[in-house]
Amino acid sequence: MNEITGNETRDIILDVAEKLIYKSGIAATGMDLLVKTAGVSRKSVYRYFANKDDLIVAALKRRDERWMHWFSSEVDKAPTPAARLLNLFTVLKGWFDSEGFRGCAFINTSGETGDPLDPVRQVAKMHKQKLLDYVTRLCVEQGVENPDALARQLLILIDGAITVALVMGDHSAADHAQDMLKMLLPVEIPHV
C-alpha cells in the first residue's frame, strides 16, 4: 500500500497553495478551494500551518527558492559576464512566453496587502533583495564601475518588463529592457 508521508502531504498543500495564489491571488484562494484542490482534509492543512497567512507565506518562500534557482541557473548558462547580463532578459522573455505566465507572484501578492509590515510583503521584499543581490553579483563580474547602481537600475528594468508583459500582454518588453541595458553598460557587449 502506498501511504503519503507527512512531508509529502505538506508539499502537496504548498504546491496547490502556490499554484492557486499565482493563478488567482490570495483573496481568491480560500481554504475550501485549497482543501478540495489538494485532496486533503482541512485538519491536514492546519496540522502544518497555523492559519491561511502562515500557509501563504510558506508557499511564497518556497516559490522564491525555486524561482531564484531556476532564474539564476538559466541566466548563468551564458558564457561571459556581459552575456549573462543580457541573458537576464532573454530568460525573462522565455518565461513570459511560457504557458500560465501571470507576472511576478511577489508583486502580485504585495498588491493585495496594504501593510508594508505584512508577512507577505516581507517575503516579497526578501525576494526582490535576493534578485538584486544576484544582479549585483553579475554587475561585479562584468567589472562595471558602480555595480550597485547598475544593479538597482536593472531591477527596475526586470520588474518593469515583467509588469508590461503581464498588463499589456507585450512579451517584447524583455527585448526593450535588454536594449536599455545595452545603453546603460559602458562597454561593448557581444551579441548573444
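Criteria and thresholds
Residues numbered from 1 in each chain as written. Predicted model: local features only at pLDDT ≥ 70, side-chain atom pairs only at ≥ 80, totals over all residues. Heavy atoms only, no water. UniProt positions renumbered as here; feature names shortened; annotations may be inferred. Helix = DSSP H or I, 4+ residues; strand = E, 2+ residues; numbered from the N terminus. Phe/Tyr/Trp six-rings, centres within 6.5 Å; stacked < 30°, edge-to-face > 60°. Buried < 20%, exposed > 50% of the residue type's maximum accessible area, 1.4 Å probe, protein only. Lys NZ or Arg CZ within 6 Å of the ring centre and 35° of its normal. Expected span 1.5 Å × (residues − 1). Bend = angle between axes of the 7 residues up to and from the residue. Core = buried A, V, L, I, M, F, W, Y, C linked by side-chain atoms within 4.5 Å. Patch = residues over 30% accessible without salt bridge, like charges linked within 9 Å, V, L, I, M, F, W, Y side chains within 5 Å. Areas by Shrake-Rupley, 256 points an atom, 1.4 Å probe, with all protein chains shown as cover. Salt bridge = Lys/Arg side-chain N within 4 Å of Asp/Glu carboxyl O. Axes fitted to C-alpha atoms, helices over the stretch in contact; angles between N-to-C directions. Parallel < 35°, antiparallel > 145°, perpendicular 65-115°, else oblique. Left-handed = near helix turned anticlockwise from the far one by under 90°. Contact = heavy atoms within 4.5 Å. Nonpolar A, V, L, I, M, F, W, Y, C, P; charged D, E, K, R; others polar.

**Comments concerning the UniProt feature "domain: HTH tetR-type" (unreviewed entry) in the protein**
- Under the present numbering, the feature "domain: HTH tetR-type" (unreviewed entry) in UniProt falls on residues 7-67.
- Within the segment residues 7-67, helix and strand shares are 80% and 0% respectively, and the terminal C-alpha atoms sit 21 Å apart.

**Topic: the packing of aromatic side chains**
- Here the structure, examined in full by the defined rule, presents nine aromatic pairs.
- A ring pair is formed by Trp95 and Phe96, whose centres lie 6.0 Å apart and whose planes are at 40 degrees; its orientation type is tilted. For the residue pair Trp95 and Phe96, the accessibility class agrees, reading buried in each case.
- An aromatic cluster is built from Trp67, Trp70, Phe71, Trp95, Phe96, Phe101 and Tyr134, whose rings are joined through pairwise contacts.
- Sitting over the ring of Tyr22, Arg63 keeps its end group 4.0 Å from the ring centre.

**Let's talk about helix α5 (residues 81-96)**
- When the terminal C-alpha atoms of α5 are compared, their 23 Å separation across 16 residues agrees well with the 22 Å that a helix rising 1.5 Å per residue should span.
- At Asn87, α5 shows its strongest bend, of approximately 35 degrees.
- Where burial is concerned, most of α5 is hidden: 12 out of the 16 residues are buried.
- Restricting attention to buried positions, one finds in α5 the residues Ala82, Ala83, Arg84, Leu85, Leu86, Asn87, Leu88, Phe89, Val91, Leu92, Trp95 and Phe96.

**Quick look at the nonpolar core**
- Judged by nonpolar contacts, the single largest core of 61 residues is most densely connected at Leu88, Phe89, Leu92 and Leu154.
- Among the secondary structure elements, those contributing two or more residues to this core are α1 (6-24), α2 (31-38), α4 (52-75), α5, α6 (105-110), α7 (119-142), α8 (147-168) and α9 (173-184).
- Per element, the largest residue contribution to this core is 10 residues, and it comes from α4.

**Details of a nonpolar patch on the surface**
- Together, Val164, Leu166, Val167 and Met168 line one region of the surface with nonpolar side chains, adding up to about 370 Å² of accessible area.
- Residue classification places Val164 among the partly exposed residues on the basis of a relative accessible area of 32%.

**Considerations on the packing of α4 against α5**
- Relative to each other, α4 and α5 sit at 125 degrees, their axes nearing to 8 Å. The angle between α4 and α5 falls in the class oblique. For the element pair α4 and α5, the recorded crossing hand is right-handed. Counting all contacts with α4, which are made through Trp67, Trp70, Phe71, Glu74 and Val75, the residues of α5 involved are Arg84, Asn87, Leu88, Val91, Leu92 and Trp95.
- The class makeup of the residues in the contact of α4 with α5 is eight nonpolar, one polar and two charged.

**Examining the pattern of salt bridges**
- By the definition in use, this model includes 12 salt bridges.
- For the salt bridge of Asp32 with Arg42, the shortest nitrogen-to-oxygen distance reads 2.1 Å. Of this pair, Asp32 sits in helix α2 while Arg42 sits in helix α3 (residues 42-48), and the two are 10 residues apart along the sequence.
- According to the relative accessible area criterion, Arg42 is partly exposed, its value standing at 35%.
- In this structure, the salt-bridge partner of Glu141 is Arg84, at a minimum N-O distance of 3.5 Å. Here the residue Glu141 occupies a position in helix α7, and Arg84 occupies one in helix α5, the gap between them amounting to 57 residues.
- A residue is classified by how much of its surface remains accessible, and Arg84, at 14% relative accessible area, is buried.

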